[in-house]
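Per-entry structural report
Here's the letter readout for the chains.
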Number of protein chains: 2
Amino acid sequence: MSKQKPGIPKGMRDFGPKEMARRNYIFNTIQDTFKLFGYQQLETPTMENLSTLTGKYGDEGDQLLFKVLNSGAFLKKVDSETFKAGESKVLPKISEKGLRYDLTVPFARYVVMNQNEITYPFKRFQMQPVWRADRPQKGRYREFYQCDADVVGTDSLICETEILCMIKRVFSDFKLNDYDIKINNRKILTGIAEVIGAFGKEADLCVAIDKLDKIGWEKVKVELKERNFSEDAIEKLSPILSQNEKNNVGWLQFLKKYLAESEIGLKGINELEEVFSYLSKMGENQHHVVFDPVLARGLSYYTGAIFEVKVNGVGIGSVSGGGRYDDLTGVFGLKGVSGVGFSFGVDRLYDVLEELNIFPDDEVERTQIMLAYFGEEEKEACLGVLAALRKEGIAAEIYPDLVKIKKQFNYAGKKGIPYVGVMGSEELENNTISLKDMTSGEQESLSLADVVKKIKKV
Amino acid sequence: MSKQKPGIPKGMRDFGPKEMARRNYIFNTIQDTFKLFGYQQLETPTMENLSTLTGKYGDEGDQLLFKVLNSGAFLKKVDSETFKAGESKVLPKISEKGLRYDLTVPFARYVVMNQNEITYPFKRFQMQPVWRADRPQKGRYREFYQCDADVVGTDSLICETEILCMIKRVFSDFKLNDYDIKINNRKILTGIAEVIGAFGKEADLCVAIDKLDKIGWEKVKVELKERNFSEDAIEKLSPILSQNEKNNVGWLQFLKKYLAESEIGLKGINELEEVFSYLSKMGENQHHVVFDPVLARGLSYYTGAIFEVKVNGVGIGSVSGGGRYDDLTGVFGLKGVSGVGFSFGVDRLYDVLEELNIFPDDEVERTQIMLAYFGEEEKEACLGVLAALRKEGIAAEIYPDLVKIKKQFNYAGKKGIPYVGVMGSEELENNTISLKDMTSGEQESLSLADVVKKIKKV
């Protein structure tokens, strides 16, 4: 073959009918809950100005941004001097736009641009793909979907509580039973650092503590020393790490004493207790909600609650996470927009549901009946039946070409169509349809009205 | 303000809650019909290899492709010699990927890559954005959505008929009554060219004839001469253009005589008649279906039926179109894949429905009830009510902060929430809710169960 075999860019995927049906099931389930809680949908363009994107995701993020070449004569602004000066000088001359890297920055940009039209508190959800020029590997793609919900313009802890409720509802809809919603509060982390005499070093603290499960307390101590924590600080930290408390109430009681000297730490505890109190007033228990005093996603960003959700028993990372922030839009010149939000990772949820084999059976929206026929005359009769079935809202197909009946059945079988209505000379004469149940193999002769009844009942 | 005001790239748009609800209404309406007719969803990646895209859309298309800069050290393959050689030499060194330009080429690429797994006839639909670096103008965007349905692997004219049925169904769902589905067959165009002695010049013929309405027959004659049509050819064409036939049957009768000497022309007429015959067997009339013997979209591509749909009375171009092709995938090395397909332009349909003011009123999926309260104690009582409402599947919100009741009502008003449930000390005592209908202004005191009943009934 002289033509090049076509492929797709690495880290990207086609989604055929089965994958699409399963992905739509995930999107619809999440969306139903977002809407039930009063969140409204927003979509932003695939491309943003690079001035909007760069500097928002750290140096690594800037590297991983997909940049779009200016259209038209893209080299016209590049003289040979600029060329010699290298990539950092050439880039701004040939590219002004990049692909969406997450849903948060475009949301912040939207809020700033529409600040006077928006009704606050503004509850928005967004389900769109993002792109990152990461090294592709199992479970990590260069194009993947995020589902975010954020509310901005309020400090109410009801919002945090509702996030817990939304996560619980979505997971319950997915029939996921064994999972943990880890929750912490940035102020507690600050308090711990304060109490051990390492104020402002929460970031280092968390990186080290995060390895406790893997490397043990002795090695964590070594790491803390390397990160310039004093012997005294490490000693003072010890009660937290040797604490075997698994219970949220017990943890909070312990921390109230431990953080007694830290105003901000106590405030963090109060906030958490308020969330738990709201949760119970909403008729929800703390099942699945696990307080973790060293949970610390994206420290630099969050100022209050921090969430992270993992499904137990599958080797897949966190499937959801989020937290409260004080300043979403400051980087775009609008101060004082605080809020709280969280995100579901669709691709990881897909992997979880697949690994646990709990996708619903009927997730593919299949054609409900195919009409098969033996000859031209029967084919034409089928066309009327076909139209009648569709008028009843029944997804119906006819095999378009007059081929052997076996081939027609093969098509229905491969496409997973549950019923085949056969039309032969006898059926034509009696004004009936032979309806074959493709699962049981049973066949019965029915009037059109009875076929409609039967299929609608399924 | 020191910070730069953020904007979005030209020709691109944000979609807020109202626009999203309307767009989803369009997508869902179209999708329902596609599924009813047995089409299954496919999605392809935003980026394709440039080798897949270039050369498929003509020179202009290649210019309008958005190209993505290679990630990492994008200049590493560009030496100063290449740089001096100019854009055409530099481009392949710095960019390997481009953004999807339409849904057809990625579909063809998908069919070739999955040719052995696909069940034929393969009926797929696809609803995704495409990107073109066109000059932005009213109604023309650089990011816009297409909704395509194609069936490949069959020559059956039932497929063409079903396309007519799908268009009629979608338009009926939209409550669009005044529109024309223009239909032609490429073979008829070939036949006309043959009969006037200008075989192979269909393209030139159509470009000239297309202007008939605007410039009149005398000027079209001039243009035909300029395009090297002989006096004799122009003379022979005259009966077609002076034909005042508005009726499909009349036209076909006329053309049967006119094209009597052209085998291919007569085949085109036969095909059209077969489609009309199938249409009537499916219980559909030819209302809205207008045969136009000089309709010629994308000539080089189509080999059989050609469709184009315009809504009358609005100054908006065609909102749907398509046709039959003999060779979808030849360019990727797979011969013999024929099919027929069509596409809805979502952005134009949006404009049409807006201009005609026929979007359904309740298209925004609004929160159904907001809870308002006078104090902390009432707020906490509201939380239980809120949870109960949501358990019933009622989209419900609470204003998260304790503010003046007027501000809470303002929020509900701006968000278009139809009911507000007010909780004051009296309600708390009597275990009731004061339900205010935001449209009528009426207020009544109800139990929670009655609130649920009332809202579910709406």
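Residue numbers restart at each chain and count upward from 1, following the sequence in its written direction. Working convention: letters from A go to chains and numbers from 1 go to ligands, in the order in which they are written. It should be noted that, the model being predicted, local features are given only for residues of pLDDT at least 70 and side-chain atom pairs only at 80 or more, the latter also being counted only at that level, while totals for whole chains, interfaces and linings use all residues. Values reported for side chains reflect all heavy atoms of the structure, with hydrogen atoms and water molecules removed beforehand.

We now examine the nonpolar core. Soluble globular proteins tend to pack their nonpolar side chains together in the buried interior. Ranked by size, the top nonpolar core spans 98 residues in total, and within it A:I369, B:I26, B:F34, B:F171, B:L237, B:L255 and B:F344 carry the most contacts. Secondary structure counts use DSSP, requiring at least four H or I residues in a row for a helix and at least two E residues in a row for a strand, with both numbered from the N terminus. Counting residues per element, this core draws most heavily on helix α7 (residues 158-173) of chain B, at nine residues. Between two residues, a contact is recorded if the distance between any of their heavy atoms is within 4.5 Å. Discounting residues that sit within four places of it in the chain, B:F171 has contacts with B:L176, B:Y179, B:V309, B:V311, B:V319, B:F344 and B:L349. Core analysis: the second largest hydrophobic core is formed by 96 residues, A:Y39, A:Y179, A:F229 and A:L259 among them. The definition of a nonpolar core used throughout is a set of buried Ala, Val, Leu, Ile, Met, Phe, Trp, Tyr and Cys residues joined through side-chain atoms within 4.5 Å. Burial classification: accessible surface area is computed with a 1.4 Å probe over protein chains only, and a residue below 20% of its type maximum counts as buried, one above 50% as exposed, and the rest as partly exposed.

Basic side-chain nitrogens of Lys or Arg form a salt bridge, by our definition, when they fall within 4 Å of a carboxyl oxygen of Asp or Glu. Enumeration according to the criterion identifies 63 salt bridges over all chains in this entry. Of the charged contacts, one joins A:E162 and B:R390 as a salt bridge, the two residues approaching to 2.9 Å between their closest N and O atoms. With one member in each of two chains, A:E162 in helix α7 (residues 158-173) and B:R390 in helix α15 (residues 376-391) form a pair that bridges those chains. Assessed through its relative accessible area of 3%, A:E162 is described here as buried.

Listed by partner, the interface residues are 100 residues for chain B and 100 residues for chain A. Buried area: the sum, over both parts, of the accessible surface (1.4 Å probe) that disappears when the two are put together. Between chain B and chain A lies a buried interface of about 8900 Å² when both sides are counted; carbon and sulfur atoms form 61% of it. For the salt bridge of A:K281 with B:E380, the shortest nitrogen-to-oxygen distance reads 3.2 Å. The element that contributes the greatest number of residues to the side of chain B that touches chain A is α15(B), accounting for seven residues. In terms of residue class, the side of chain B that touches chain A is made up of 50 nonpolar, 24 polar and 26 charged. All residues other than Ala, Val, Leu, Ile, Met, Phe, Trp, Tyr, Cys, Pro, Asp, Glu, Lys and Arg, Gly among them, are scored as polar; the first ten of these are nonpolar and the last four charged.

Right, let's talk about the sheet that holds strand β9 (residues 305-311) of chain A for a bit. Residue and element names in this part refer to chain A. In this analysis, strands are considered paired if DSSP registers two or more bridges between them. Read across the sheet, eight strands follow the order β1-β5-β6-β11-β10-β9-β7-β8 without closing on themselves; strand pairing throughout is mixed. Edge positions in the open sheet fall to β1 (40-41) and β8 (289-291), since each of these has one partner strand only. One ladder, built from two bridges, connects β1 with strand β5 (residues 122-131); its direction is parallel. Its bridge partner being in β5, Q40 is matched across the sheet by R124. Every angle, taken between N-to-C directions, lies between 0 and 180 degrees, and every axis is a line fitted to C-alpha atoms, over only the stretch in contact when it is a helix. Packed onto the sheet, α7 meets β5, β6 (143-152), β7 (179-185), β8, β9, β10 (320-325) and β11 (339-345) and runs at close to 15° relative to β11. Packing of helix α13 (residues 263-281) onto the sheet brings it into contact with β7 and β8, and relative to β7 it is tilted by some 140°.

Another aspect to go through is helix α14 (residues 346-355) of chain B. Residue and element names in this part refer to chain B. Extensive coverage of α14 is indicated by the burial of seven of its ten residues. The complete set of buried residues in α14 reads V346, D347, L349, Y350, D351, V352 and L353. Contact partners of the buried residues in α14: α1 (17-36), β6 (143-152), α7, β9 (305-311) and β11 (339-345). Two residues or fewer after α14 comes N357, characterised by a positive phi angle close to 55°.

Each regular strand displays side chains that alternate between the two surfaces of the sheet. Residue and element names in this part refer to chain A. Within β5, ten of the ten residues are buried, which leaves it mostly tucked inside the rest of the structure. Both β5 and β6 contribute to a ladder of ten bridges, which runs antiparallel. Counted as the bridge partner of F122 is V152 from β6.

This part covers the sheet that holds strand β16 (residues 443-446) of chain B. Residues and elements named next belong to chain B. Ordered in space as β13-β12-β14-β15-β16, the five strands form an open sheet in which the pairing is mixed. What marks the edges here is a single partner per strand, and that holds for β13 (396-398) and β16. With direction set aside, neighbouring strand axes in the sheet form an average angle of 25°. Sheet topology note: the strand β15 (residues 433-437)/β16 ladder contains four bridges and is antiparallel. Across the sheet, residue K436 finds its bridge partner in β16, namely Q443.

We now examine the packing of helix α8 (residues 186-195) of chain B against helix α9 (residues 202-209) of chain B. Residues and elements named next belong to chain B. With their axes 9 Å apart at the nearest point, α8 and α9 run at an angle of 95° to one another. With respect to α9, the element α8 is oriented roughly perpendicular. Only E202, L205 and C206 of α9 make contact with α8, whose side of the interface consists of R186, L189, T190, I192 and A193. Tallied by class, residues from the contact of α8 with α9 come to five nonpolar, one polar and two charged. Roughly parallel refers to an angle under 35 degrees, roughly antiparallel to one over 145, roughly perpendicular to one between 65 and 115, and oblique to any angle outside these ranges.

All names here are of chain B. Within the secondary structure, E19 is located in helix α1. Classification of E19 as partly exposed rests on a relative accessible area of 31%. Measuring from C-alpha to C-alpha, the distance between E19 and I209 comes to 39 Å, with 190 residues separating the pair along the chain.

What follows is about the relation of the copies chain B and chain A. To superpose the copies, least squares is applied to the C-alpha atoms of every residue with a pLDDT of at least 70 in both. Least-squares fitting of chain B to chain A yields an RMSD of 0.1 Å, with the superposition described by an axial translation of 0.0 Å and a rotation of 180°. Accordingly, the operation relating the two chain copies is best matched by a two-fold axis. Rotation axis and chain B: the residue whose C-alpha lies nearest the axis is B:V68, separated from it by 2.2 Å. A symmetric contact is evident, with 100% of the interface residues of chain B recurring at the interface of chain A.

Right, let's talk about the pairing of β6(B) for a bit. Residue and element names in this part refer to chain B. β6 sits mainly inside the fold: ten of its ten residues count as buried. Neither face of β6 is open: one carries E143, Y145, C147, A149 and V151, the other F144, Q146, D148, D150 and V152, and all of them are buried. Relative to β11, β6 runs antiparallel, the two being bridged by seven bridges. Paired with V152 across the bridge in β11 is G339.

Residue and element names in this part refer to chain A. Note on placement: V422 falls in strand β14 (residues 419-423). Separated by 237 residues in sequence, V422 and N185 place their C-alpha atoms 64 Å apart. When neighbours within four sequence positions are excluded, V422 is seen to be in contact with A372, F374, I405, F409, E427, I433, S434 and Q443.

Attention now goes to the packing of helix α10 (residues 212-226) of chain B against helix α11 (residues 231-242) of chain B. A pair of packed helices is characterised by two quantities: the angle between their axes and the separation of those axes. Residue and element names in this part refer to chain B. Look at α10 against α11: their axes get within 9 Å of each other, and the N-to-C directions meet at 160°. Put simply, α10 runs roughly antiparallel to α11. Crossing geometry of α10 relative to α11 is assigned as right-handed. In this structure, α10 contributes L212, W217, K221, L224 and K225 to the contact, and α11 contributes E231, I234, L237, S238 and L241. Looking at the contact of α10 with α11 residue by residue, the class counts come to six nonpolar, one polar and three charged. Helix crossings are classified by the rotation of the near helix relative to the far one: an anticlockwise turn of less than a right angle makes the crossing left-handed, while a clockwise turn makes it right-handed.

In short, geometric facts, not functional conclusions.
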